[in-house]
Amino acid sequence: MTSKLDKLRHLMMENSVDAVIVAEDRNRRYYSGYTGTDAYLLILADKSYLITDFRYVEQAKAQCPGYEVVEAYGKKAYEFIKQTCDKAGAKRVWFEDDTLTVKEYSEIKASLDPLELVPDTGRIAKPRILKTDDEVNNIRKAAQLADKGFSHILNFIRPGVTERDIALELEFFLRKNGSEGLAFPIIAASGPNGALPHAEPTDDKLAYGILLTLDFGCVINGYCSDMTRTVALGEPPEKLKVIYNIVLEAQEKALAFIKAGISGIEADKQAREHIIAHGYGDYFGHGLGHGVGLHIHEAPRLSPIGETILEPGMVVSVEPGIYLPGLGGVRIEDLVVITEDGYDNLVSSRKDLIIL
Ligand code: ZN
Ligand code: ZN
């Protein structure tokens, strides 16, 4: 945990911030290891506190070496923050302006007065972009379990089952085999529903001659995975086979290009230009990929506005898609960790069109 806190303290110095209040679940877990809810971290230049109520005190003591655990809640918690900042001579205090509720902000502001509350503009979360080996291992395990889930669900897909049946069966398998939950609600989109990139599973029954898109991820020790495969049930219409191959080629082009030193914009361009060249540019309406970690969508972005340069330790999805309204859609998604000499693909499920 030390090196993560060191990075935060370095950011504090760079930004002339004397104290940080961390309330967002994933940031809190990242910096302390605490997995409960209802707690604040108070980070000062040389001391770290975890402030929570009676329910979590023992848990916090066990999970957060290096932190002084303080039992306080509500107004008492804010009073503790104020007194501790005063004692340390801290004047400028970062808070997470993305996620702190208006109510909490008002209460903290009133309690801390006259200290200066400074929005962190995402900087508290910034160190999370580069994963440690431990973090990568958790993501790898989550991706490997998802691969197993994909093999399992292939045996379950047949005419007459609904998208909801498939999503539930897959969720049961993943959780039964060790996933702490779902990285996000499973997408099981068949036929025309596949044209909605984030479709919710319906009671529509599968029939021959359709494509089915499955997008899902596991969670291991808090870390998410993310993968998508599109499979056919029976022989699909020719046009859908054509777009399947275009999406697969677009993904392969991007994968052949991705390495440390290129930007998210350049990575996105590789896949996008291939899709545009085949006349489907208007039907690929999202970015090529996103970072994955404690959160399913985090920095960096691979997209036309993803300026971040890829570095070893970043974990990103690579997921081009084509969506044809009324007909169906195709998306193929892998998850890669950038390494010194390229990347390591954490997803190993096959990508040629599986016709069930
Ligand atoms: Zn996904
Ligand atoms: Zn994704």
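Per-chain numbering applies: the sequence of each chain, read as written, is numbered from 1 onward. For this description, chains carry letters from A and ligands carry numbers from 1, given in the order in which they are written. With the structure being a predicted model, the display of local features is reserved for residues of pLDDT at least 70 and the display and counting of side-chain atom pairs for 80 or more, all residues being used for whole-chain, interface and lining totals. Remark: hydrogens and water are excluded; side-chain values derive from all non-hydrogen atoms of the structure.

Focus on the domain arrangement of the chain
Convention followed: Note that the domain bounds reflect an automated or database-derived domain assignment. Should any heavy atoms of two residues lie within 4.5 Å, those residues are counted as being in contact. Once two parts are put together, the accessible area they lose, assessed with a 1.4 Å probe and summed over both, is termed the buried area. Throughout this description, the term salt bridge denotes a Lys or Arg side-chain nitrogen within 4 Å of a carboxyl oxygen of Asp or Glu.
For the chain, the assigned domains are domain 1 (2-128) and domain 2 (130-345). One C-alpha centre belongs to domain 1, the other to domain 2, and the line joining them spans 35 Å. Taken residue by residue, the interface counts seven residues in domain 1 and 10 residues in domain 2. Buried area between domain 1 and domain 2, summed over both chains or domains, comes out near 750 Å², and the portion from carbon and sulfur atoms is 44%. The largest share of the area that domain 1 buries against domain 2 comes from Arg-26, Arg-29 and Arg-128, three residues that together contribute 67% of it. Between domain 1 and domain 2 we count one salt bridge in total. Arg-128 is the salt-bridge partner of Glu-298, the closest N and O atoms lying 2.9 Å from each other.

Notes on the packing of aromatic side chains
To keep it simple, the criterion reads: Aromatic rings from Phe, Tyr and Trp, with only the six-membered ring used for Trp, were paired whenever their centres fell within 6.5 Å, and each pair was classed as stacked if the ring planes differed by under 30 degrees, edge-to-face if by over 60, and tilted otherwise. The numbering of helices and of strands both runs from the N terminus, where a helix is a DSSP run of H or I of at least 4 residues and a strand a run of E of at least 2. Each residue's exposure class comes from its accessible area (1.4 Å probe, protein chains only) as a fraction of the maximum for that residue type: buried when under 20%, exposed when over 50%, partly exposed otherwise.
Counting across every chain of the model gives six aromatic pairs. Taking 6.0 Å as the distance between ring centres and 55° as the angle between the ring planes, the aromatic pair formed by Tyr-40 and Tyr-78 counts as tilted. A residue pair is termed long-range when its members are at least 10 positions apart, and Tyr-40 in strand β2 (residues 39-44) and Tyr-78 in helix α4 (residues 75-88) qualify at 38 residues. Classification of Tyr-40 as buried rests on a relative accessible area of 11%. On the basis of an interplanar angle of 40° and a centroid distance of 4.9 Å, the ring pair of Phe-95 and Tyr-105 is categorised as tilted. Remark: Tyr-105 occurs in helix α5 (residues 102-112) and Phe-95 occurs in strand β5 (residues 92-95); sequence separation between them is 10 residues.

Let's talk about the coordination of the zinc ion (ligand 1)
To keep it simple, the criterion reads: Note on donors: an N, O or S atom is included if it sits within 2.8 Å of the metal, or within 3.2 Å for Na, K and Ca, and water is never included, so sites can look incomplete. Irregular is the label for any site that misses the other tests, which are tetrahedral for four donors with all angles between 85 and 135 degrees, and square planar for four donors or octahedral for six when opposite donors exceed 155 degrees and the remaining angles lie between 65 and 115.
In this structure, Asp-215 (OD), Asp-215 (OD), Asp-226 (OD) and Glu-333 (OE) serve as the protein donors to the zinc ion (ligand 1), at separations of 2.0 to 2.7 Å. Around the zinc ion (ligand 1), the four donor atoms sit at angles spanning 54 to 150°, and that spread fits a shape best called irregular. In this structure, the zinc ion (ligand 1) lies 3.1 Å from the zinc ion (ligand 2), and both are coordinated by Asp-226. Pair noted here: Asp-215 is in strand β8 (residues 210-216) and Glu-333 is in the loop between β16 (328-331) and β17 (334-339), with a separation of 118 residues, a long-range link. Judged by its relative accessible area of 3%, Asp-215 is buried. Classification of Glu-333 by relative accessible area gives buried; the value is 0%.

Notes on the coordination of the zinc ion (ligand 2)
Summarising the metal site, the zinc ion (ligand 2) is bound by the protein donors Asp-226 (OD), His-290 (NE2), Glu-319 (OE) and Glu-333 (OE), whose distances to it range over 2.1 to 2.2 Å. Note that the zinc ion (ligand 2) binds four donor atoms; their angles at the metal cover 78 to 150°, and the shape is irregular. All donors of the zinc ion (ligand 2) come from a single chain, and their spacing in sequence reads D-x63-H-x28-E-x13-E. Note on Asp-226: relative accessible area 3%, which makes it buried.

Remarks on the packing of helix α8 (residues 238-257) against helix α9 (residues 264-277)
Spelled out, the test is: In this description, a line fitted to the C-alpha atoms serves as the axis of each element, helices being fitted only across the stretch in contact, and the angle between N-to-C directions of two axes falls anywhere from 0 to 180 degrees. Any angle that is under 35 degrees is reported as roughly parallel, and any over 145 degrees as roughly antiparallel; angles of 65 to 115 degrees are reported as roughly perpendicular and all others as oblique. Left-handed describes a crossing whose near helix is turned anticlockwise from the far helix by less than a right angle; the clockwise case is right-handed.
At their nearest, the axes of α8 and α9 sit 8 Å apart, and the two run at 150° to each other. By the angle between their directions, the pair α8 and α9 is classed as roughly antiparallel. As for how α8 packs across α9, the hand of that crossing is right-handed. Contacts between α8 and α9 involve Ile-246, Glu-249, Ala-250, Lys-253, Ala-254 and Phe-257 on the former and, on the latter, Glu-266, Ala-267, Gln-270, Ala-271, His-274 and Ile-275.

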